[in-house]
Amino acid sequence: MPPRGPRTRAELALSLGVLALGLAAAAVAFRLPEAAGYARVGPNFMPKVVAGGLVALGAWLLAELATGGWRSRVDDDPAQRGEHAFHRGAFLWVTAGLVAQMALIRHAGFVLAAGALFACVARGFGSARPARDAGLGLSLGLAVYLFFTKFLNVSLPAGWLAPLLGGAGL
Amino acid sequence: METLAALATGFGVALQPANLLWGVVGVTLGTAIGVLPGVGPALTVAMLLPLTAKLDPTGALILFAGIYYGAMYGGSTTTILLNTPGESASIATALEGNRMAKRGRAGPALATAAIGSFVAGTIAVVLLTLVAPVVVEFALKFGPAEYFALMVFAFVTVAAVLGASMARGLAMLFLGLLLGLVGIDDQTGQMRFAFGVPELMDGIDVVVLAVGLFAVGEALYVAAYQSRMGETLEKMSGSLWMSREDWKRSWPAWLRATAIGFPFGTIPAGGAEIPTFLSYAAEKRLTKRPEEFGHGAIEGVAGPEAANNAASTGVLVPLLTLGIPTSATAAILLAAFQNYGLQPGPLLFQSQAALVWGLIASMYVGNVLLLVLNLPLIGLWVKVLAIPRPLLYAGILVFATLGAYSLHQSWVDLLTLYVFGLAGFAMRRWGFPVAPAVIGLILGPLAESQFRRAMAISQGDPAVFLERPIAATLLALTVLLVLAPWVWKVVRERRALR
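The shown structure was predicted, so the numbers you read here are calculated from the model rather than taken from an experiment. (Residues numbered from 1 in each chain as written. Chains lettered and ligands numbered in written order. Predicted model: local features only at pLDDT ≥ 70, side-chain atom pairs only at ≥ 80, totals over all residues.)

## Comments concerning the overall build of chain B
Selection criterion: Secondary structure elements follow DSSP: runs of H or I no shorter than four residues count as helices, runs of E no shorter than two count as strands, and numbering proceeds from the N terminus. Exposure in this text rests on C-beta crowding, where 20 or more other C-beta atoms within 10 Å of a residue's own make it buried, 12 or fewer make it exposed, and counts in between make it partly exposed. The C-beta atoms are placed from the backbone. Contacts here follow a simple rule: the backbone-placed C-beta atoms of the two residues must lie within 7 Å.
Of regular secondary structure, chain B possesses 22 helices and two strands. The principal-axis extents of the C-alpha atoms in chain B amount to approximately 70 × 65 × 55 Å. With 498 residues in all, chain B has 62% of them scored as buried. Residue pairs in contact within chain B that sit at least 24 positions apart in sequence constitute 81% of those at least 6 positions apart.

## Points about the overall build of chain A
Keep this limit in mind: Each radius of gyration is computed over the set of C-alpha atoms, and the globule rule expresses the reference value as 2.2 Å times the number of residues to the power 0.38.
Counting its secondary structure elements, chain A contains six helices and zero strands. Over its C-alpha trace chain A gives a radius of gyration of 24 Å, far above what one expects of a compact globule, namely 15 Å for 170 residues. On the principal axes, the C-alpha backbone points of chain A span a range of 65 × 55 × 25 Å. Evaluated residue by residue, chain A yields a buried proportion of 34% over its 170 residues. At a minimum sequence separation of 6, the contacts of chain A that also span at least 24 residues come to 55%.

## Focus on the packing of helix 10 (residues 206-225) of chain B against helix 20 (residues 435-457) of chain B
Residue and element names in this part refer to chain B. Note the cut-off: To obtain each axis, a line is fitted to C-alpha atoms, and for helices this fit is confined to the stretch in contact; angles are then taken between N-to-C directions over 0 to 180 degrees. An angle counts as roughly parallel when it lies under 35 degrees, as roughly antiparallel when it exceeds 145, as roughly perpendicular when it falls between 65 and 115, and as oblique in every other case. Here the nonpolar group is Ala, Val, Leu, Ile, Met, Phe, Trp, Tyr, Cys and Pro; Asp, Glu, Lys and Arg are the charged ones; every other residue, Gly included, is treated as polar.
Running from N to C, helix 10 and helix 20 point in directions that differ by 175°, and their axes come no closer than 10 Å. Compared by their axis directions, helix 10 and helix 20 come out roughly antiparallel. When helix 10 is examined against helix 20, the residues V206, L209, A210 and L213 are found in contact with a partner set consisting of A437, V438, L441 and I442. Residue composition of the contact of helix 10 with helix 20, by class: eight nonpolar, no polar and no charged.

## Comments concerning the interface of chain B and chain A
One widely used convention gives an interface's size as the accessible area the parts lose upon coming together. Tallying the contact residues gives 50 residues for chain B and 59 residues for chain A. If you list the elements that add at least two residues to the side of chain B that touches chain A, you get helix 8 (166-181), helix 10, helix 18 (389-408), helix 19 (411-429) and helix 20 of chain B. Of the residues in the side of chain B that touches chain A, the class split is 33 nonpolar, 11 polar and six charged.

## A closer look at helix 2 (residues 45-66) of chain A
Quick reminder of the rule: For a helix, the expected span equals 1.5 Å multiplied by the residue count minus one. Along the arc lie the directions from the helix axis toward the C-beta atoms.
With 22 residues, helix 2 of chain A extends 32 Å from end C-alpha to end C-alpha; this agrees with the ideal 32 Å at 1.5 Å per step. Those residues of helix 2 of chain A lying buried are M46, P47, V50, A51, G53, L54, L57, G58 and L61 of chain A. Buried residues of helix 2 of chain A fall within an arc of 155° about the axis and therefore sit on the same side. The exposed set on the far side of helix 2 of chain A, more than 90 degrees from its buried face, consists of A63 and A66 of chain A. Residues of helix 2 of chain A that are buried in the fold lie against helix 1 (6-29) of chain A together with helix 8, strand 2 (191-192) and helix 20 of chain B. Within two residues after helix 2 of chain A, G68 of chain A carries a phi angle of roughly 110°, on the positive side.

## Description of the environment of I184 of chain B
Residue and element names in this part refer to chain B. Along the polypeptide, I184 turns up in strand 1 (residues 183-184). Overall, the presence of 16 C-beta atoms within 10 Å leaves I184 in the partly exposed class. When the C-alpha atoms of I184 and V152 are compared, they prove to be 22 Å apart, with 32 residues separating the residues in sequence. Once residues lying within four places of it in the same chain are set aside, the contact partners of I184 are G189, M191 and M201.

## Describing the domain arrangement of chain A
Filter applied, for reference: What counts as a domain boundary in this text is fixed by an automatic or database domain assignment.
Parsing chain A into structural domains produces domain 1 (6-66) and domain 2 (88-162). When each unit is reduced to the centre of its C-alpha atoms, the spacing between domain 1 of chain A and domain 2 of chain A is 38 Å.

## A closer look at the packing of helix 3 (residues 41-48) of chain B against helix 10 of chain B
Residue and element names in this part refer to chain B. Rules: The handedness criterion is simple: a crossing whose near helix is rotated anticlockwise from the far helix by less than a right angle is left-handed, and one whose near helix is rotated clockwise is right-handed.
Closest axis-to-axis distance for the helix 3/helix 10 pair is 9 Å, and the angle between their directions is 135°. The orientation of helix 3 with respect to helix 10, classified from their angle, is oblique. The element helix 3 and its partner helix 10 pack so that their crossing is left-handed. Residue-level inspection shows A42, L43, A46 and M47 of helix 3 in contact with helix 10, the latter providing V207, A210, V211, F214 and A215. Residues of the contact of helix 3 with helix 10, tallied by class, amount to nine nonpolar, no polar and no charged.

## Regarding the nonpolar core
The cut-off we apply is this: Among buried residues, those of type Ala, Val, Leu, Ile, Met, Phe, Trp, Tyr and Cys that are joined through C-beta atoms within 7 Å form a set called a nonpolar core.
Core analysis: the biggest nonpolar cluster contains 219 residues, and A210, V211, I332 and V438 of chain B have the highest contact counts within it. Of the residues that make up this core, three or more belong to each of domain 1 (6-66) and domain 2 (88-162) of chain A. Dropping the residues within four chain positions of it, V438 of chain B is found in contact with G176, V206, L209, A210, A328 and A331 of chain B.

## As for the environment of F30 of chain A
Residues and elements named next belong to chain A. Within the fold, F30 resides in the loop between helix 1 and helix 2. For F30, a count of 11 C-beta atoms within 10 Å gives the class exposed. Taking the C-alpha atoms as reference points, F30 and N44, 14 residues apart in sequence, are found 7.2 Å from one another.

## Considerations on the environment of M363 of chain B
Residue and element names in this part refer to chain B. Counting through the fold element by element, M363 comes out in helix 17 (residues 353-385). The buried category is assigned to M363, around which 25 C-beta atoms lie within 10 Å. When the C-alpha atoms of M363 and A14 are compared, they prove to be 8.9 Å apart, with 349 residues separating the residues in sequence. Apart from residues lying up to four places away in sequence, M363 is in contact with A65 and V125.

## Section: the confidence of the model for chain B
Stated precisely, the cut-off is as follows: Scored from 0 to 100, pLDDT reflects the predictor's confidence in each residue.
Per-residue confidence for chain B averages 87 on the pLDDT scale, and 98% of its residues sit at or above 70. Interface confidence in the predicted complex, given as ipTM, is 0.91; pTM for the same model is 0.89.

## Side note on helix 19 of chain B
An ideal rise of 1.5 Å per residue puts 27 Å on 19 residues; helix 19 of chain B measures up with 27 Å between its terminal C-alpha atoms. Among all positions of helix 19 of chain B, only D413, L414, T416, L417, Y418, F420, G421, A423, G424, F425, M427 and R428 of chain B are buried. Packed against the buried residues of helix 19 of chain B are helix 3 (88-105) of chain A together with helix 8, helix 9 (198-201), helix 10 and helix 18 of chain B. One or two residues past the end of helix 19 of chain B sits G431 of chain B, with phi positive at roughly 70°.

## Concerning the confidence of the model for chain A
Looking at chain A as a whole, the pLDDT averages 86, with 90% of positions reaching at least 70. Across chain A, the secondary-structure element scoring lowest on mean pLDDT is helix 6 (residues 162-167) of chain A, at 72, and the one scoring highest is helix 4 (residues 110-124) of chain A, at 95.

## Focus: unusual backbone geometry
Residue and element names in this part refer to chain B. With a phi angle near 55°, Q409 is a residue other than glycine that sits in the positive phi range. Inspection of the secondary structure assignment puts Q409 in the loop between helix 18 and helix 19. Among the residues examined, Q409 registers 13 C-beta atoms within 10 Å and is labelled partly exposed.

Below, the structure is given as structure tokens:
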């Protein structure tokens, strides 16, 4: 048996993940119509092959795990690569930034969403100056907004700032 | 002769003022973005892809060729001054380049990287010019069965050689293939894996996948595992000029590296990663000053950098002549062609000769531009590197999400981007290679349509893949490649038993 630890747990979760993805894909693939025609293979053929491949690879990874852990040609441990341990706060701040952007972009507009994203990500990377970061993020967002809408003719949502941007003739 | 005439036409296209301008913009933009730590050529091209939707195809492709070269060049500056390789192909450069910078020889290290890239890039483009028409001639005889076999071969070699293990490489390939199936089936109009979500109906855009894996995944990873470490930016010290001895030691390394890099680039072996290491190993073995290796030997920078450039140009041979991308960056370049309804391959050399040869000629021009523009601008790139890390990554994510959002103006694409970011984080953490997923996404649908076309021609008889010699050989090689490690293991165990 391989040593039990976070490493084995991660490998188990990822192997099962590949397997589960394959099974889910198979469930969809088997409900697709045949519609084969001359080729005798229709739109459901490749999905079945790909689902089968994922199931087989999930099983392969599980088999490696059961016989001493995943085979590795290179080190895949952060400590071995000279990196520090998982920093949960950093990970969560970056996630928070991306989620905030998703939530804000439609109604609050591109500029405010970019400001929120920028400030959260900077915070995640260890910045201790949220006001400066928010200011920089808003300016960057505004610059990008103007460049895209005025110069490239790509529309981006103005959101809550619409009266302001519109009022300034922008 | 015919090739020369075609190339002359190509220069006529590449040297038109507008196209020349796109070349300059491309190399400059590519270098400026490629120099950012953690941003490799694949991400650079992916981020800029949505912004060029309104250019004419020739100008856009010349722009992308410039970005491709520029990003690679910018990456070497980062590697030498910061010791954070932006991509795996730069790891070998980091070994010696950063040590040279630490010893106050950053100038010659950057110079040998730049001039070596120019020499290797130029020789490689000459080779590309000579080889491409030959491959095209050969490929014109290919039917759907041969193309399908070739794609399977490319899939499996790329998945087998990259990443921490073959199982993980293949798992990522199949993930990419699955993502490639999402959306409307071209041949029957059948909706697959879209679950009624409108954003998924036209399929998953390669930009979203690449930016999710390379930008969001990378940002999550660096935040979680590297953001609390100090890092030192080496000063731009030492004259940019190389001494007579530096030249003497660099020349042979550049040429050897080109000889290693170009052929490796043309075969589906995952691009520039392997040849850079081979070149490093070759220089280490051949040097007259082995004691300097590990402490900043100039051959150790000259070789891998030249190999990187030669291989990256070699990658364009299968991309342009067969439509087969063999690296993540090449897959995104293929998506750039597809945006204009162009399918690289032998037919493109006939139907769009001016475009293809203009693109090839622009690579000659791009190499010169890089050398002329970048050595004087090094001071500027160093300033880019001095941007504090929190602001840098925040800025990268603003631009990365912008590209994905501008596709459909929908937050669903941002959600997809984040999901791919989580996947990219997990892949980076647990040794799953990214390139097979990107290649699977872009090449999978093409492989499927070639497969079904071949089957339609043979009236549903799968023997067609075994009756045609080229297809059968390629498929046999593929099987051999997958089984070789096991066979090898069994043979060794048998021997050990005796």
